[in-house]
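Chain by chain, the residues run as shown.
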Amino acid sequence: MSENKIIDGKEISEKIRKRIKSFGSELIEKSGKVPGLAVVLVGENPASRVYVRNKTEKTKEVGFQSIEHKLNEDVSEEKLLGLVEKLNKDDNVQGILVQLPLPKHINSDKVLDSILPVKDVDGFHAVNVGKLWSGLNSLVPCTPLGCSILLKMINDDLSGQHAVIIGRSNIVGKPMAALLLGMNATVSICHSRTKDLPAIVRQADIVVPAVGIPEMVKGDWIREGAVVIDVGINRIERDGKNILVGDANYNECYDKASRITPVPGGVGPMTIACLLLNTLLTSYTQFDLEMPDLSSILKDL
Ligand code: GUN
């Protein structure tokens, strides 16, 4: 088994974060201001708590300010909207992220659309979604952005390639489709109502499972030489231990794929690096500084 089959998202994201830190220091020096990222967590969802902790830690590591707001599960929608409004107006906050999922009594779309589009580091605001689908410059959701960076490292132009996304969420599946179209791939979005999913996945040059079902994608679904970008992060118990697995059966898919992301250490760390990248972008805009050529952040990774 050759090592270079594995797409090492951990190592690549570390490189990106180092470069963000260096651009960030320059930005702080020029503006006299420190980019601030506000993260809002509602309730006690254990996975969300882990994600938020990681985001906070990595935000501080690149020299940005992390502002955490933890609200009770039963917080009213009005109160949450009030907090977002306050963060919108706060000059020390350049990025706002409201961790999903939110409790059922809160209208997530309403909350996400209350975030100022210029501070929308998740890229979930309708304005940013519309821009992304129109091929305009926009803030792009972090997980699909991370996946597209990994794919670009393998192949910048996906002309003639068939990409199959499994999952139609607003967080991953749909924006991933927009990005892949922008890279000239032919895109299929599959979901729980898709007929004969294995047959469609077998046609794929690129497979992006993003459904949250542990090891759903089997080795015999994967065409020899396909690229597998596994977005799933599922905590399961195996042999009495808690472990993380993706939406693809890693060992089986490894044997068939030409390149594959592991779980953990694949897409997950790329999501956080992209969140910091988006925060750097929104900070340049809000500090009224000319954007330097940030393409070097993603060059020769
Ligand atoms: N929950 C799972 N992924 C994400 C994400 O990328 N952003 C937010 N805000 N919530 C999430």
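Before reading further, recall that the structure is shown in the block above.
So, how was this worked out
- Residues numbered from 1 in each chain as written.
- Predicted model: local features only at pLDDT ≥ 70, side-chain atom pairs only at ≥ 80, totals over all residues.
- Heavy atoms only, no water.
- Salt bridge = Lys/Arg side-chain N within 4 Å of Asp/Glu carboxyl O.
- Helix = DSSP H or I, 4+ residues; strand = E, 2+ residues; numbered from the N terminus.
- Buried < 20%, exposed > 50% of the residue type's maximum accessible area, 1.4 Å probe, protein only.
- Patch = residues over 30% accessible without salt bridge, like charges linked within 9 Å, V, L, I, M, F, W, Y side chains within 5 Å.
- Areas by Shrake-Rupley, 256 points an atom, 1.4 Å probe, with all protein chains shown as cover.
- Near = heavy atom within 4 Å.
- Polar contact = N/O pair within 3.5 Å; in protein donor to acceptor, adjacent residues only side chain to side chain.
- Nonpolar A, V, L, I, M, F, W, Y, C, P; charged D, E, K, R; others polar.
- Pairing = 2+ DSSP bridges.
- Contact = heavy atoms within 4.5 Å.
- Axes fitted to C-alpha atoms, helices over the stretch in contact; angles between N-to-C directions.
- Core = buried A, V, L, I, M, F, W, Y, C linked by side-chain atoms within 4.5 Å.

**Observations regarding the pattern of salt bridges**
- Summed over all chains, the structure comprises nine salt bridges.
- The salt bridge involving Lys 58 is made with Glu 57; its shortest N-O contact spans 3.2 Å.
- For Arg 238, the salt bridge identified is with Glu 215, shortest N-O distance 2.6 Å. Of the two residues, Arg 238 is situated in strand S8 (residues 234–238) and Glu 215 in the loop between strand S6 (206–209) and strand S7 (227–228); the sequence distance between them amounts to 23 residues.
- Assessed through its relative accessible area of 16%, Glu 215 is described here as buried.

**What about a nonpolar patch on the surface?**
- On the surface, a nonpolar cluster with roughly 270 Å² of combined accessible area is contributed by Val 129, Trp 133 and Leu 181.
- Take Leu 181: its relative accessible area is 45%, and that puts it in the partly exposed class.

**Some points on the site of the ligand**
- Surveying the vicinity of the ligand reveals the residues Leu 97, Val 98, Gln 99, Leu 100, Asp 122, Phe 124 and Ile 171.
- Note that a nitrogen atom of the ligand is positioned 2.8 Å from one of the backbone N or O atoms of Val 98.
- Asp 122 places a side-chain nitrogen or oxygen 2.6 Å from a nitrogen atom of the ligand.
- For the ligand, whose unbound accessible area comes to 280 Å², protein coverage reaches 85%.
- Across the shell around the ligand, the residue classes tally to five nonpolar, one polar and one charged.

**Notes on the sheet that holds S7**
- Spatial ordering of the open sheet is given by S5-S4-S6-S7-S10, a layout of five strands whose pairing is parallel. Either end of the sheet is taken by a strand with one partner, and the two such strands are strand S5 (186–190) and strand S10 (259–260).
- Lying on the sheet, helix H7 (residues 173–182) is in contact with strand S4 (162–166), S5 and S6; it crosses S4 at an angle near 170°.

**Description of the pairing of strand S3 (residues 95–98)**
- What you see with S3 is no split at all: Gly 95 and Leu 97 on one side and Ile 96 and Val 98 on the other are buried throughout.
- Judged from the four bridges that link them, strand S1 (residues 36–42) and S3 form a sheet pairing that is parallel. Across the sheet, Ala 38 pairs through a bridge with Ile 96, a residue of S3.

**Topic: the nonpolar core**
- Residues Ile 16, Ile 20, Leu 151, Leu 180, Ile 229, Leu 280 and Ile 297 are the most contacted members of the largest nonpolar core, which totals 53 residues.
- Secondary-structure elements contributing two or more residues to this core are helix H1 (9–31), S1, helix H6 (142–154), S4, H7, S6 and helix H10 (267–286).
- With ten residues, H10 is the single largest residue contributor to this core.
- The contacts of Ile 297, once residues within four sequence positions are left out, are Ile 16, Arg 19, Ile 20, Phe 23, Leu 277 and Leu 280.
- Within the second largest apolar cluster, 20 residues are counted, among which are Val 42, Leu 80, Ile 96 and Leu 100.

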